[in-house]
Number of protein chains: 4
Amino acid sequence: MAAGTEIDPSADDAGESVTATVVGGSGFTGGELLRLLAGHPNFEVAEVTSRSKAGKSVGSVHPPLRGADLRFTEPDDLESVDVLFAATPHGVSMGRIDEFFEVADTVVDLSADFRLESEAQYDEWYDGHDAPEYLEKAEYALPEINRENLEGAELIAGGGCNATATILGLYPLFEGGILEGDEQIVVDVKVGSSEGGAGGGAASSHPERSGVVRPYAPTGHRHEAEIEAFLGTSVAFTCHAVDMVRGASATSHVFPDGPVSKGDLWSAYRGCYEDEPFVRMAAGGSGVYRYPEPKAVAGTNHAEVGFELDPSNERVVVFSAIDNMMKGSAGQAVHAANVALGLEEMAGLEFTGLHPVGAP
Amino acid sequence: MAAGTEIDPSADDAGESVTATVVGGSGFTGGELLRLLAGHPNFEVAEVTSRSKAGKSVGSVHPPLRGADLRFTEPDDLESVDVLFAATPHGVSMGRIDEFFEVADTVVDLSADFRLESEAQYDEWYDGHDAPEYLEKAEYALPEINRENLEGAELIAGGGCNATATILGLYPLFEGGILEGDEQIVVDVKVGSSEGGAGGGAASSHPERSGVVRPYAPTGHRHEAEIEAFLGTSVAFTCHAVDMVRGASATSHVFPDGPVSKGDLWSAYRGCYEDEPFVRMAAGGSGVYRYPEPKAVAGTNHAEVGFELDPSNERVVVFSAIDNMMKGSAGQAVHAANVALGLEEMAGLEFTGLHPVGAP
Amino acid sequence: MAAGTEIDPSADDAGESVTATVVGGSGFTGGELLRLLAGHPNFEVAEVTSRSKAGKSVGSVHPPLRGADLRFTEPDDLESVDVLFAATPHGVSMGRIDEFFEVADTVVDLSADFRLESEAQYDEWYDGHDAPEYLEKAEYALPEINRENLEGAELIAGGGCNATATILGLYPLFEGGILEGDEQIVVDVKVGSSEGGAGGGAASSHPERSGVVRPYAPTGHRHEAEIEAFLGTSVAFTCHAVDMVRGASATSHVFPDGPVSKGDLWSAYRGCYEDEPFVRMAAGGSGVYRYPEPKAVAGTNHAEVGFELDPSNERVVVFSAIDNMMKGSAGQAVHAANVALGLEEMAGLEFTGLHPVGAP
Amino acid sequence: MAAGTEIDPSADDAGESVTATVVGGSGFTGGELLRLLAGHPNFEVAEVTSRSKAGKSVGSVHPPLRGADLRFTEPDDLESVDVLFAATPHGVSMGRIDEFFEVADTVVDLSADFRLESEAQYDEWYDGHDAPEYLEKAEYALPEINRENLEGAELIAGGGCNATATILGLYPLFEGGILEGDEQIVVDVKVGSSEGGAGGGAASSHPERSGVVRPYAPTGHRHEAEIEAFLGTSVAFTCHAVDMVRGASATSHVFPDGPVSKGDLWSAYRGCYEDEPFVRMAAGGSGVYRYPEPKAVAGTNHAEVGFELDPSNERVVVFSAIDNMMKGSAGQAVHAANVALGLEEMAGLEFTGLHPVGAP
């Protein structure tokens, strides 16, 4: 891809080789991380752990890695590496964080364990926190809104996929002064089945999950906490499971106090995203793909963001779409690590997607 | 179903036989009407017209009717029947309505041609109206909110599928005094591909339509006009195409002025729907199907309605799901005809759905 | 359907009321049985057992039955009824068969426990048999090939879905003398995810099962035993999982010894199926649905059967499609029970399907 | 991806820049070609033609290219370039081939126009040929069986997707002496909707195409001609449309004359594919992905090949899976061009796929 070739030289310039361990590599996000690191010009995977799959080849679990000569190891006695990526369930990293920092200078956690800013928030939204002293040093893994703080960061906290889609859609309205924070905001999210992880279970079995438009966490979704933290305002948030595997799509309905023109909106979004390598604008135009769609970004680290203006009720409808496993998880983590380590931002993340593609 | 009627003694007992013609029988809603009429204990299909398929057997176009001995005829020179169902594109019925009433005492139109109350609305939302004098006598085909007026009605106007789902979800909040009409209402609809009809076209081709969460009529959707007409208030309405064939699901986010309890909500909904044969409540509980889902009503004339309360932002989230081709079109038309003609309300509409079922 | 029976006068006229118990009612086939029995003019469900769901309403597990006033009970101490339907996993019925006959005159087993004719076959294909003395009295539940024996049968053995599709496709070639039994027969089956049952598991989780064309039991599929038993010849059998929920489609490639014309094929198939209420022929013609498709029979007890002739290699390609949960399981069981008890063959099975429908 | 980094240096070393034109760039394969060329270290896209989309940006038609600054031009007056890729419908290239060679030294045609070896074959399988004098110089674009001839080739003929899957699966059995050519071979193919192209049409509309297992070209499929040409024997070939967008899966049932062991099969396949960069073997093992699946290679130029042995009927079942738009079309074309021009074989084709992915 054009962008890819641009940054190809970095493979040689930087020359820099970074060793990495993936803790919890048998799940979906772990596999995605491994795929990205294997194709990254700088990272070298030293170790991949999985208690359940220890000894098995990663290719037997993740088909795209069938070629790779890599096996899962037990998650104990970790080797020393430059960067440790934790793709473990919520609650694991907070318990092992000291241990992680003993073997790595930089820790990138893809769970919810370091996303929020205070122990109080974990008491309110989760079951408290085991290592609150680390919360202050953790940086939210979204370069579009947190790039400066990510540079040189030692602890990176991956964002939630639904929160990421929502924040990327609404952020420019606050930055651009179109929203103040006291307006009514309704966010209606549609998400794919990969969000449920590799576990299975009745609700996510194919017969029960296929073809659904299923209210899922209709209220009180934990990602609200992140959105509130980064936008500085609460939102009315509802999530639906729909029939796709990868993807999260957020439709945000907002009602600015004053009149707003399309020009105002364009300048607000351009102001934030013009130079962002992983944000594509899609707001109208002709053809089939006029607005953001998860389908258009499946397998990529790109987010699509767009909007429409509803004069009849002074509403701005904001659409934002990502691949929940990429921009919403593993891709975001690699992007943030690239920034933290001073590597080329797009390194390992050049894939721009497939057309046509189905329920990816 | 042809076979079904053969063996259905009720067809004889019930006695009353009603002759019916379907104008425009080769489309999806036309086929659905034929399927329902063939299995109906009272209706007898006299004629099915289709300009494009004239001479072909209906079974060659609609597989479920492969058994039936019925062929499409030219749409001109219609026979006299008791009831004429028009499943033609918007704009056709308003031009032929006089002709329709010459051959039938009762006309049921499934298009948008007689849904709205005034010529002014057609000027605003459509391209005007050719027979505005009929608008006053037309009755909206939703017995749940219009049963009395439908009894004995001569002109029945089918509702839009997205409007039907939305109205059924919100109506009890107004009836129950929980909403007054001046509150903010955001309606986020997800709809299946059958809504696009049998035409095809690039956007609805399988490769482009599969796996989508595609903003579709993000603002200014014509169904808003109906919703406004029957709820007496406007809504902020956005529609998305998702990967299913049958189904429309409306998630309505409302913000009552005063405090509301689940008990208040239950009594409002029970008050409206307790005795409705085609409305099922689903609001929480255990298992996989805790809220309304189009999947659960696919192929049926049932609507599922439910809600959840969000204390954090004093929001009521209302979920309503229907099969856009049944409760949202052909099933609703037969239901309304049953009421208009004094037949058993559920006649021909007893099917309660399949479990499990996929992207139905 | 509770509501359905209320309004179905035939329930009274037909008079004869048959009490039935469903043992193992929380699985997919159990739910399908309950749906069919609830809508049947003669059957009255006395008891539905489920160890895991005892006490819960059937509607909480099977949404189409949300209206019904029926709860799961413990599977012990069964009441006396006319007919007992067992929808339990393989191996359960053979252990409880004496007990079943103590409470019912007629037992219909949907598992594999009584499908085969001899203990030797169970030793070869399964893990032996606990009650071989019952094998002789068991009748295979396929009226199209076994109607006479089913009349008055006390023990009815449901067929396997893949075997049923295959047998219905090939049977006329043997009956019509086009195949002798020594020819090469290759059967390539495609089946939906409901065949895997309600259990779930990694391979049938939506992310892993969606969009597959997955070789599944590429060789040695147990259904081969049934096919061999009823066609009197073995077949080269391979099964694939594809992306649908309901449906089994068998493509059989056969190579008759002598020359065969389309006329020969039509007379062979018409000879067997002309008067069969649940077999539809589809062999060429125009339009989209020219050959059998699972989509066209989803939710119905109908089988579609068709063929094409390949002059270049003297091959006959036979296509047969069913809904694995209906004609391949619960529908077949009710059909066989209707025959065994002398009820109207199509009673409770009139539904002819939906068009369009997705991955049903 | 590991392989990718290996060849990254070539971007600088080879330095070699190759100019390319894509004739017919608005279709699915045209878009796929553009995507691959944009990410290729050597190719530079000079021109993309499309009569219907002339003037539009390629990103408006192919979302993954939204970033690219490239517009469609009229297909007349082509510029001179090194390589011309023709992604036009069958019949177009044979009429413009002289013109193509006037502007390019190397022509890669993705249609069927130069696949077969003789005018006689085109008379038999197609509607004859306009430029038979070119057939002799055309080389089939499958390096796995034709690498030597592709080196330095001037006219490259892309293979059919179903033929490619079939040939890759069966080729080793002939090379390894397990098949002689007189054995019975039955090939049962399942293919995705992208094969139908961007055109649309009733049969490929989402409502009609979703969830199908639809016999499609049950006999007499044109790809048989290619298979026969390259394997030297005819096959009994039947194709089914299934519910995925990308992918072609061929299940070949073969009956060797003598006894065959798994060891014999492994050595035959290893002998052919051990060193092939784009062929992955999958034959048994544990986990979910034990055999080839289109899902596992979606978006990649990889083919998965595997087999199973059926002792009961001395049958070998061969499974082969590709992405019909990549290894079955655009990817194969770029791979062949890499070989013809002496570039790194994997250049631009390193993507190894996604896990999990849906109906891709």
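Rules of the game
- Residues numbered from 1 in each chain as written.
- Chains lettered and ligands numbered in written order.
- Predicted model: local features only at pLDDT ≥ 70, side-chain atom pairs only at ≥ 80, totals over all residues.
- Heavy atoms only, no water.
- UniProt positions renumbered as here; feature names shortened; annotations may be inferred.
- Helix = DSSP H or I, 4+ residues; strand = E, 2+ residues; numbered from the N terminus.
- Contact = heavy atoms within 4.5 Å.
- Least-squares fit on C-alpha atoms with pLDDT ≥ 70 in both.
- Buried < 20%, exposed > 50% of the residue type's maximum accessible area, 1.4 Å probe, protein only.
- Polar contact = N/O pair within 3.5 Å; in protein donor to acceptor, adjacent residues only side chain to side chain.
- 1 Å grid on protein atoms, 1.4 Å probe; cavity = no way out; pocket = protein on both sides within 12 Å on 5 of 7 lines; lining within 4 Å.
- Points joined across faces, edges and corners; volume = space filled by probe spheres on them.
- Nonpolar A, V, L, I, M, F, W, Y, C, P; charged D, E, K, R; others polar.
- Phe/Tyr/Trp six-rings, centres within 6.5 Å; stacked < 30°, edge-to-face > 60°.
- Lys NZ or Arg CZ within 6 Å of the ring centre and 35° of its normal.
- Pairing = 2+ DSSP bridges.

Structural notes on the UniProt feature "active site" (unreviewed entry) in chain A
Residue and element names in this part refer to chain A. Following the UniProt record, the feature "active site" (unreviewed entry) maps to Cys161 here. Relative to the helices and strands, cysteine 161 is located in helix α8 (residues 161–175). Not counting residues up to four positions away in its chain, the partners in contact with cysteine 161 are Glu195, His223, Ile322, Asn324 and Gly328.

Observations regarding the relation of the copies chain C and chain D
For the pair chain C and chain D, the best superposition has an RMSD of 0.0 Å and corresponds to a rotation of 180° with a translation of 0.0 Å parallel to the axis. Such a combination of rotation and displacement between the chain copies is what one expects of a two-fold axis. Residues of chain C ranked by C-alpha distance from the rotation axis are headed by C:Asp243, positioned 2.9 Å from it. When the interface residues of chain C are mapped onto chain D, 100% of them again fall at the interface, so both copies present the same face.

A look at the side chain of C:Ser205
Considering the arrangement of structural elements, one finds C:Ser205 in the loop between β8 (185–191) and α9 (206–209). Overall, the relative accessible area of 1% leaves C:Ser205 in the buried class. At 2.9 Å, the side chain of C:Ser205 and the backbone oxygen of C:Ala202 are in polar contact. Contacts of C:Ser205, omitting those with residues within four sequence positions, involve A:Gly200, A:Ser204, A:Ser205, A:His206 and C:Ser210.

Describing empty space enclosed by the protein
As enumerated under the stated definition, the model contains eight cavities of 30 Å³ or more in all. If you add up the space inside the second largest cavity, you get close to 110 Å³. Every residue lining the second largest cavity is counted, 16 residues in all, and those nearest its centre are A:Asp243, B:Asp243, C:Asp243, D:Asp243 and D:Ala359. The residue makeup of the lining of the second largest cavity, split by class, is four nonpolar, eight polar and four charged.

A few points about the packing of aromatic side chains
Across all of its chains, the model carries 34 aromatic pairs over all chains by this definition. Judged by centre distance (4.1 Å) and plane angle (10°), the ring pair of A:Phe351 and D:Phe351 falls under stacked. Of this pair, A:Phe351 sits in the segment after α13 (326–341) while D:Phe351 sits in the segment after α12 (326–340), which puts the two residues in different chains. The cationic tip of D:Lys137 hangs over the ring face of D:Phe101; the distance from NZ or CZ to the ring centre is 4.6 Å.

Brief notes about the pairing of strand β7 (residues 185–191) of chain D
Residue and element names in this part refer to chain D. Counting buried residues in β7 gives seven out of seven residues, a clear majority hidden from the surface. The two faces of β7 match: Ile185, Val187, Val189 and Val191 on one face and Val186, Asp188 and Lys190 on the other face are all buried. Pairing of β7 with strand β10 (residues 248–254) involves seven bridges; the strand directions are antiparallel. Within β10, the position partnered with isoleucine 185 by the bridge is valine 254. Pairing analysis gives six bridges linking β7 to strand β9 (residues 236–242), with the strands arranged parallel. Across the sheet, the residue bridging to lysine 190 is histidine 240, located in β9.

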